Amino acid sequence: YNWVYRKYVDNFDDMKNIPKNLKEKLKNEFIINPLELINHEVSFDETEKFLFKMHDNHTVETVLIKMRDEEVKDGKKKDAKYTVCVSTQVGCKVGCAFCLTGKSGFIRDLSAGEIVSQLLMIKKDNNIDANRRLNIVYMGMGEPLDNLDAVSHSSRVFSDPDGMAIAPHRQTISTSGLSSK
């Protein structure tokens, strides 16, 4: 757990204090990172957009927004602040007029592991320290409430004090709501 969520290791062989036979068992039964980064763009305002490919070749976007630069004020260091917008689905069923995601239709829900991996890869790719607390917004591709089980599970993984320790009050679910139709 510590190797994955605090040290961002994505290969069982890099886990130095795990017995060799356990490493082999883990390699045969689990995947640490189900995503592959295929595109990364940086906007003029330093917002970063990541496009990830999954095992089935579908893609999702994740966005890293720098809310505040690192600064020193009155002799005190203030760390940079970040918000990460994670996707919860490939496509979307809702079809909001302002969003392009729904235009391609709904393909599938993401697993909790695919949601969590978005944040892990961004933290690793940007050298964001494991102790750095950031904000998470479930407002990437998809309607979060339409994939509530995986969203709830990922929220618990994010907030686990032995892992990323991102408090629930730093996690926001942005929703258009679900209709009873």
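The rules behind these values
Residues numbered from 1 in each chain as written. Predicted model: local features only at pLDDT ≥ 70, side-chain atom pairs only at ≥ 80, totals over all residues. Heavy atoms only, no water. Helix = DSSP H or I, 4+ residues; strand = E, 2+ residues; numbered from the N terminus. Contact = heavy atoms within 4.5 Å. Phe/Tyr/Trp six-rings, centres within 6.5 Å; stacked < 30°, edge-to-face > 60°. Buried < 20%, exposed > 50% of the residue type's maximum accessible area, 1.4 Å probe, protein only. Lys NZ or Arg CZ within 6 Å of the ring centre and 35° of its normal. Core = buried A, V, L, I, M, F, W, Y, C linked by side-chain atoms within 4.5 Å. Pairing = 2+ DSSP bridges. Axes fitted to C-alpha atoms, helices over the stretch in contact; angles between N-to-C directions.

Among the secondary structure elements, Arg-108 is positioned in strand 8 (residues 108-109). When sequence neighbours within four positions are dropped, the list of residues in contact with Arg-108 reads Met-54, His-55, Asp-56, His-58, Gln-89, Val-90 and Glu-114.

On to the packing of aromatic side chains, then. Counted according to the given criterion, the structure contains 3 aromatic pairs. Look at Tyr-1 and Tyr-5: their rings are 4.7 Å apart centre to centre, the planes differ by 55°, and that puts the pair in the tilted class. The exposure class of Tyr-1 is partly exposed, given its relative accessible area of 45%. Both rings, one in Phe-50 and one in Phe-52, keep their centres 6.1 Å apart while their planes meet at 5°; by these two values the pair is stacked. According to the relative accessible area criterion, Phe-52 is buried, its value standing at 1%. The ring of Trp-3 has Lys-7 lying over it, and the distance from NZ or CZ to the ring centre is 4.2 Å. Cation over ring: Lys-93 sits above Phe-106, and NZ or CZ is 4.6 Å from the ring centre.

Time to look at the environment of Leu-148. Considering the arrangement of structural elements, one finds Leu-148 in helix 4 (residues 148-159). C-alpha separation for the pair Leu-148 and Asp-109, spaced 39 residues apart in sequence, amounts to 9.7 Å.

Here the focus is the nonpolar core. Counting residues in each nonpolar core, the largest one holds 40 residues, and the members touching the most others are Ile-115, Leu-119, Leu-134, Ile-136, Phe-158 and Met-164. Among the elements of the structure, helix 1 (2-5), strand 2 (48-54), strand 3 (59-68), strand 6 (81-86), helix 3 (112-125), strand 9 (135-138) and helix 4 are those that each provide at least two residues to this core. Among the elements that make up this core, the one with the highest residue count is helix 3 (7 residues). Setting aside residues no more than four positions away along its own chain, Ile-115 makes contact with Val-86, Ser-87, Thr-88, Leu-110, Tyr-138, Asn-147, Ala-150, Val-151, Ser-154 and Phe-158.

One open sheet accounts for 6 strands, arranged 1-2-3-6-9-10; its pairing is mixed. Only two strands of the sheet have a single neighbouring strand rather than two, namely strand 1 (35-42) and strand 10 (171-173). Neighbour-to-neighbour, the strand axes of the sheet open up by a mean angle of 20°, direction not taken into account. Note: strand 2 against strand 3, 6 bridges, orientation antiparallel. Counterpart to Lys-53 in the pairing with strand 3 is Thr-59. This element, helix 3, spans strand 1, strand 2, strand 3, strand 6 and strand 9 of the sheet and lies at about 55° to strand 1. Packed on one face of the sheet, helix 4 meets strand 9 and strand 10 and runs near 175° to strand 9.

So, to be careful, I would describe these as geometric facts and stop short of saying anything about function.
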